[in-house]
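# Topology and contacts: notes
Take a look at the letters that make up each chain.
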Amino acid sequence: MDEFNDNEITKLLRLKRYEQPPPGYFDNFLHEFHRRQRNELLRQPLWRICVDRARDFVFAFNLGTLTSYPAAVTAVLVCAAVISLRIYQAPTPASVAAQNRPVLAVPANENDEWSLASPVATRVFNTRSLRNITESAQTHRSGTPRYVLDSVPVSYETTFKF
Amino acid sequence: MRRLSSSRALGPSLATFASSFAALASLCAQQTPDSQNTIAFSREVKDVFERCGKAVVKIEATDQHGDLSGTGFFVDPTGTLYTAFSVGGEAENIKVEFKGRKYPARQLMADVRSGIALLKADLASPTLPIGNSEQLEIATPVVTIGYPLDLAETPSFGMIAGFDRKCFGNYFPTKHLRVNLQPQRGEGGAPVLNLKGEVVGILLYSFENNSCYALPIEAAEKLRSDYVRFGEPRYGWIGTNVQEASAPVEGSRAVTTEVIKGTPAAEAGLEPGDVVLQIGRTKVHEPEDTLEASFFLTAGDAVPITIVRGNEKMTFQIQADLYPASKTRLAAPPPLNRAIPLNLEASAPERTP
């Protein structure tokens with residue numbers, strides 16, 4: 001900026017020094033400012049306005065706090081789902097004879113008395129069970145039956161005695 | 001000219017026909033023995049299948065794992081049938097599919113030691129003749145008939161591959177037949193037949209890929225005999241434990257290490273250190289032989305036992321007692337449709353009318 005211009009500007013400022021706005025100018029100043037600002041904003045397309053509003057809304061909050069809420073809600077939902085599955089889909093205990101198979105563990109000579117049972121009931125011998133009766137290699141509850149052919153013997157001998 | 005051309009065309013075709021005929025004839029001549037053997041085998045298997053298939057049935061039941069399906073076969077005309085323990089041993093609502101109809105069946109006996117079950121359906125049934133598995137040899141051809149998966153009655157052809165007392169270090173209760181044929185799921189309890197159509201074993205479980213194990217029919221018949229006599233299996237024992245001796249005596253390495261007090265063996269006078277030579281009809285060479293003999297002992301029956309004590313050979317007549325573990329019954333509640341027998345012990349009060 002050269003010296004001429006500086007002098008000119010100084011002179012103009014000096015002349016403007018006594019100029020005053022019309023009465024009531026500052027009373028309406030804020031309202032007029034907002035009106036003009038709104039007019040400027042409304043010149044943009046609607047989608048741009050929405051994006052800006054959303055961005056302003058998000059950044060008005062703490063972003064880290066906002067991200068923790070969905071995670072917490074998801075965790076609670078997953079826990080609730082797991083608990084409800086365990087409660088409502090637990091298998092009902094089967095009331096069949098083989099559930100009493102722990103008798104297999106009774107050693108020989110421990111119980112020499114006859115019990116109240118059918119004369120054709122299954123008897124237990126001093127054999128070691130290879131299979132856990134409560135589990136099966138082909139256990140399933142689908143619509144098709146279990147086609148039986150074992151891959152291990154039901155029992156085998158543990159000692160040479162006769 | 002035309003005739004000449006036709007005769008010219010006929011010449012090569014005749015030569016081709018003659019050469020083809022000669023090749024076919026020579027091929028037939030080369031393949032005749034094998035083809036005849038194959039045809040003969042096929043005919044025999046087909047014959048066994050047609051004769052015996054009628055007595056083989058599909059068994060459906062329910063156990064704690066859900067529905068199951070296996071195979072069984074009739075051994076008497078009143079509907080008694082053998083199957084595997086895994087099929088009929090722990091199951092309920094047993095049904096036998098025979099001639100397109102399903103008949104209810106009940107369990108007569110189930111034996112976890114041998115791995116078989118005896119069932120009964122109230123119907124007039126064809127029967128399979130009982131063979132002799134002791135006459136089997138390695139490579140004897142055998143046939144099984146079973147119900148694999150949800151398929152129809154199916155024959156399988158194989159051969160005897162061995163007579164095993166143990167597998168992977170585990171001892172069977174008695175010698176088992178190892179059969180080289182490829183069983184499929186659903187064939188548990190199927191009969192193993194010789195080419196005469198006689199049952200020589202009961203298919204119990206598969207072994208690796210192309211083999212299976214079968215219980216010899218003599219072992220099953222021992223249990224059926226027990227059932228007929230006593231209403232239950234009655235394995236016998238005399239009360240000794242046996243181990244392998246460091247040196248054989250009279251060809252036997254089975255030496256008694258313990259004679260349990262109060263048992264028939266103790267009362268008869270057997271002592272630790274006696275070398276066992278024979279139990280009943282079974283000659284003993286190794287301790288494993290006692291398993292075979294023990295399986296066929298029946299409680300209450302007298303059995304001759306030959307031993308060596310020092311330089312003296314002795315034979316005892318010993319009445320076998322009930323196998324100790326047999327006295328512990330399975331504490332299973334009887335099914336609802338069965339009568340509950342009362343156990344009238346000495347302390348029970350007598351009922352008076």
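Reading the values: rules and limits
Residues numbered from 1 in each chain as written. Chains lettered and ligands numbered in written order. Predicted model: local features only at pLDDT ≥ 70, side-chain atom pairs only at ≥ 80, totals over all residues. Helix = DSSP H or I, 4+ residues; strand = E, 2+ residues; numbered from the N terminus. Buried ≥ 20, exposed ≤ 12 C-beta atoms within 10 Å, placed from the backbone. Contact = placed C-beta atoms within 7 Å. Pairing = 2+ DSSP bridges. Core = buried A, V, L, I, M, F, W, Y, C linked by C-beta atoms within 7 Å. Domains from an automatic or database assignment. pLDDT = per-residue confidence, 0-100. Expected span 1.5 Å × (residues − 1).

### A few points about the overall build of chain A
Within chain A, the secondary structure is distributed over 4 helices and 3 strands. Counting from the amino terminus, helix and strand elements in chain A follow one another as α-α-α-α-β-β-β. Each of the 162 residues in chain A was classed as buried or not, and the buried ones make up 15%.

### Topic: the overall build of chain B
Looking only at helices and strands, one finds 5 helices and 20 strands in chain B. Counting every position in chain B, which comprises 353 residues, the buried fraction comes to 42%. At a minimum sequence separation of 6, the contacts of chain B that also span at least 24 residues come to 60%.

### Examining the pairing of strand β14 (residues 240-249) of chain B
All names here are of chain B. Note that β14 and strand β15 (residues 252-259) share 6 bridges and pair antiparallel. Opposite N241, over in β15, you have E258 as the bridge partner. Counted along the chain from β14 to the antiparallel partner β15, the turn is 2 residues long, and its residue E250 has a positive phi close to 55°.

### Concerning the nonpolar core
Residue and element names in this part refer to chain B. Within the largest apolar cluster, 90 residues are counted, with the highest numbers of intra-cluster contacts made by F73, I116, A117, V192, I202, A214 and V276. Of the residues forming this core, the biggest block, 7 residues, is contributed by strand β11 (residues 199-207). For this core, the two domains that each supply at least three residues are domain 1 (42-228) and domain 2 (236-327). What I202 contacts, discounting residues up to four positions off in sequence, is Y82, A84, I116, G189, P191, V192, A214, L215, I217 and A220.

### Brief notes about helix α5 (residues 288-295) of chain B
Because each turn of an α-helix spans 3.6 residues, side chains separated by three or four positions in sequence point in the same direction. Among the 8 residues of α5 of chain B, 6 are classified as buried, and the element is accordingly described as predominantly covered. Looking only at α5 of chain B, the buried set comprises D289, T290, L291, A293, S294 and F295 of chain B.

### Here we look at the environment of T144 of chain B
All names here are of chain B. Structurally, the position occupied by T144 is in strand β7 (residues 141-146). It is 10.0 Å that separates the C-alpha atoms of T144 and V179, two residues lying 35 residues apart in sequence. When sequence neighbours within four positions are dropped, the list of residues in contact with T144 reads S156, L181, P183, E187, A190, P191, V192, L193 and L203.

### Section: the confidence of the model for chain B
In low-pLDDT segments, the atomic positions of the prediction should not be examined closely. Residue and element names in this part refer to chain B. In the predicted model, chain B carries a mean pLDDT of 83, and the fraction of residues at 70 or more is 82%. Considering only residues more than four positions removed or in separate chains, one finds that residues 328-353, a stretch of pLDDT under 50, has 33 contacts. Model confidence for the complex is summarised by a pTM of 0.62, with the ipTM given as 0.73.

### With respect to the environment of R281 of chain B
All names here are of chain B. Considering the arrangement of structural elements, one finds R281 in the loop between β16 (275-279) and β17 (282-283). Assessed through the 9 C-beta atoms surrounding it within 10 Å, R281 is described here as exposed. Spatially, the C-alpha atom of R281 lies 9.0 Å from that of V303, the residues being 22 residues apart in sequence.

### Comments concerning unusual backbone geometry
Residue and element names in this part refer to chain B. Although it is not a glycine, N93 adopts a positive phi angle of roughly 50°. Relative to the elements of secondary structure, N93 occurs in strand β4 (residues 92-98). With phi around 75°, A139 is a residue other than glycine that occupies positive phi space. By the secondary structure assignment, A139 is in the loop between β6 (116-121) and β7.

### Here's the deal with helix α2 (residues 29-42) of chain A
With 14 residues, α2 of chain A extends 20 Å between its outermost C-alpha atoms, agreeing within 8% with the 20 Å of an ideal straight helix rising 1.5 Å per residue. Burial within α2 of chain A is sparse, with just 0 of its 14 residues counted as buried.

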